[in-house]
Amino acid sequence: MLVITGTSFLIGCSLGGSRLNPIFTWIFNLAILFSNEYYDGYRYAAIGKSYEWMDEYPGVISRWHILFNFTMLRLISFNVDYFWACNEKIKKEHHASVTDRERIQLSCALQDYNYINFLTYVLYTPLLLCGPIITFNDFISQVGRFWFRVLYKTKNISISFIGHLPTLPNVMLYVMLYVFWSSFW
Amino acid sequence: MEITLHYLYVVSISKAKAWEGDSPLEISMVGYFNLVIIWMKLLIPWRFFRLWSLADGIWVEENMVRCMSNNFSAQRFWKSWHRTFNRWMIRYIYVPLGGTKYMAYNVWLVFTFVALWHDIELRLLAWGWLICLFLLPELIATRLFSERKVRYRTNMMCTFD
C-alpha cells in the first residue's frame with residue numbers, strides 16, 4: 001500500500017502544475033483499480049512458491065484492496081488539488097472564519113502539499129476504511145485548528161448516535177414491514 | 001442490525017431466491033426493503049467513522065443526508081446517498097468535464113466510474129448505465145419545464161388576460 005500511494009505521490013509531486021499531472025494520476029489510479037481486482041489484492045504466492053505460506057496470514061483486513069478504493073479517491077484528490085494550487089493565478093488567503101465550501105475550494109500554501117501531510121491525509125485512521133470522503137484542501141485546512149463549532153456539533157451527534165444505534169431504525173423497519181404484511185393477509 | 005435481519009427476513013428471501021409464487025407487488029417490496037436495509041447497513045459505519053473524526057476535530061460531511069423513503073426525484077436521491085462520494089465526483093469529474101451544461105453526456109461517464117469503482121463487473125456497468133437511462137427523462141423534463149420558463153409563461157398569460 002505504501003508503494004502504491006508513494007507512486008501516486010511521486011506522480012503528483014513531480015508533475016505538479018503540468019497538465020500531465022491529472023492525466024497520469026487518473027491513468028495510474030484506474031490501472032491500480034483494475035490490477036487490484038485482477039490480482040485479488042496481490043498474493044505472496046505470485047512471487048514464488050516458497051512465499052506461499054505468508055498468504056495464510058492475511059492480517060485483520062484480508063480484503064484490503066476492496067477498501068482501498070476509498071484511499072484511491074484521496075490519492076486523486078491530493079494530486080488534483082495540488083495541480084490546481086500550482087495553476088492558481090490569484091492566491092486567495094485563508095481568513096479566520098472560512099465556510100465549509102471555502103475550505104474545499106481554497107488551495108493550501110504550496111509547501112503544504114508535502115509527503116508528511118500526504119500520509120496524514122491518506123492514512124488518517126477514522127476515515128481510512130470507508131470514509132466519509134474529505135478533500136485534501138479541506139482536511140489540511142482543519143488539521144491543528146481548534147473548531148468550537150465542531151466540538152459543539154459532536155456533542156449532539158454523539159448523543160443521537162448512541163440513541164440511534166440499537167433502537168430506532170430496527171423498530172421502525174419492523175413496524176413498517178409488519179404494517180405492510182398485515183395489510184395483505 | 002442482527003435483530004433487523006432476523007425479523008425483516010427480506011435479505012434471506014432475496015439471497016435464497018425464495019420469491020416463487022409471490023405477486024409483483026410482493027417482489028417489489030422485497031426489493032424495496034432490501035434497499036432500506038442497505039441504507040441502514042451503510043449508515044451505521046459511516047456515522048460511526050464520522051463521529052470518530054469529528055471527535056478528533058476534523059469536520060466531514062454527513063454521508064446519508066436524508067431518509068430512503070422520502071425522495072421525490074432520482075437526481076435528489078443520488079445527491080444524498082453516499083453524499084461525500086457525490087461531492088468528490090462533482091469536484092473531480094463532473095465540473096472538469098463541463099458541469100451542468102453537458103450533464104446529459106457526462107452523467108454516463110460519471111456512472112461508468114461509479115460502477116468501476118464499486119467493483120469491476122459487467123453487471124455493475126449495466127447497472128450504472130441503466131441508472132443514466134432512467135435519469136434521462138427526468139433531466140429532459142427538468143430542462144423543458146424549468147422554473148424560469150414556467151414562470152415566464154404564466155406571466156405572459158397573465159398579461160394577455
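Residues numbered from 1 in each chain as written. Chains lettered and ligands numbered in written order. Predicted model: local features only at pLDDT ≥ 70, side-chain atom pairs only at ≥ 80, totals over all residues. Heavy atoms only, no water.

Turning our eyes to something else, we now look at the pattern of salt bridges. All names here are of chain B. For the coordinates displayed, the defined rule picks out 5 salt bridges over all chains. Between Glu61 and Arg83 there is a salt bridge, with the nearest N and O atoms lying 2.8 Å from each other. Taken together, the residues Glu61 in the loop between helix 3 (24–55) and helix 4 (74–80) and Arg83 in helix 5 (residues 83–94) connect sequence positions 22 residues apart. Take Glu61: its relative accessible area is 30%, and that puts it in the partly exposed class. When its relative accessible area of 18% is taken as the criterion, Arg83 is described as buried. (Salt bridge = Lys/Arg side-chain N within 4 Å of Asp/Glu carboxyl O. Helix = DSSP H or I, 4+ residues; strand = E, 2+ residues; numbered from the N terminus. Buried < 20%, exposed > 50% of the residue type's maximum accessible area, 1.4 Å probe, protein only.)

As a further point, take the interface of chain B and chain A. Interfaces are often sized by the accessible area lost when the parts come together. Contact residues are listed per partner, giving 48 residues for chain B and 55 residues for chain A. Interface area for chain B against chain A, summed over the two sides, is near 4700 Å², with a carbon-plus-sulfur share of 75%. The largest share of the area that chain B buries against chain A comes from B:Trp59, B:Arg91 and B:Trp117, three residues that together contribute 17% of it. On the surface where chain B and chain A come into contact, there are 1 salt bridge. (Contact = heavy atoms within 4.5 Å. Buried area = accessible area lost by both parts, 1.4 Å probe.)

Let us now look at helix 5 (residues 115–122) of chain A. Residues and elements named next belong to chain A. Within the sequence span of helix 5, burial applies to Asn117, Phe118, Tyr121 and Val122. Projection of helix 5 onto a plane perpendicular to its axis shows the buried side chains occupying an angular sector of 125°, all on one side. Close packing links the buried residues of helix 5 with helix 1 (2–15), helix 3 (64–87), helix 6 (125–128) and helix 7 (136–142). Of the residues that open helix 5, the one with a side-chain oxygen 3.3 Å from the backbone nitrogen of Ile116 is Asn114. (Arc of directions from axis to C-beta. Polar contact = N/O pair within 3.5 Å; in protein donor to acceptor, adjacent residues only side chain to side chain.)

What follows concerns the side chain of A:Thr135. Inspection of the secondary structure assignment puts A:Thr135 in the loop between helix 6 and helix 7. Given a relative accessible area of 9%, A:Thr135 falls into the buried group. Apart from residues no more than four positions distant in its own chain, A:Thr135 is found in contact with A:Ser77, A:Asp81, A:Ile104, A:Tyr121, B:Arg91 and B:Tyr92.

Located in the positive-phi region is B:His82, a residue other than glycine, with phi close to 50°. A relative accessible area of 6% means that B:His82 is categorised as buried.

Moving on, we come to empty space enclosed by the protein. Per the counting criterion, the structure on display carries 2 cavities of 30 Å³ or more. Considering only enclosed or pocket space, the largest cavity measures out at about 80 Å³ in volume. If you go around the largest cavity, the residues you meet are A:Leu33, A:Asn36, A:Glu37, A:His65, A:Ile66, A:Asn69, B:Leu116, B:Trp117, B:His118, B:Asp119 and B:Ile120. Its residues assigned to classes, the lining of the largest cavity shows 5 nonpolar, 4 polar and 2 charged. Of the voids in this model, the second largest cavity is the one considered here, and its volume is about 40 Å³. (1 Å grid on protein atoms, 1.4 Å probe; cavity = no way out; pocket = protein on both sides within 12 Å on 5 of 7 lines; lining within 4 Å. Points joined across faces, edges and corners; volume = space filled by probe spheres on them. Nonpolar A, V, L, I, M, F, W, Y, C, P; charged D, E, K, R; others polar.)

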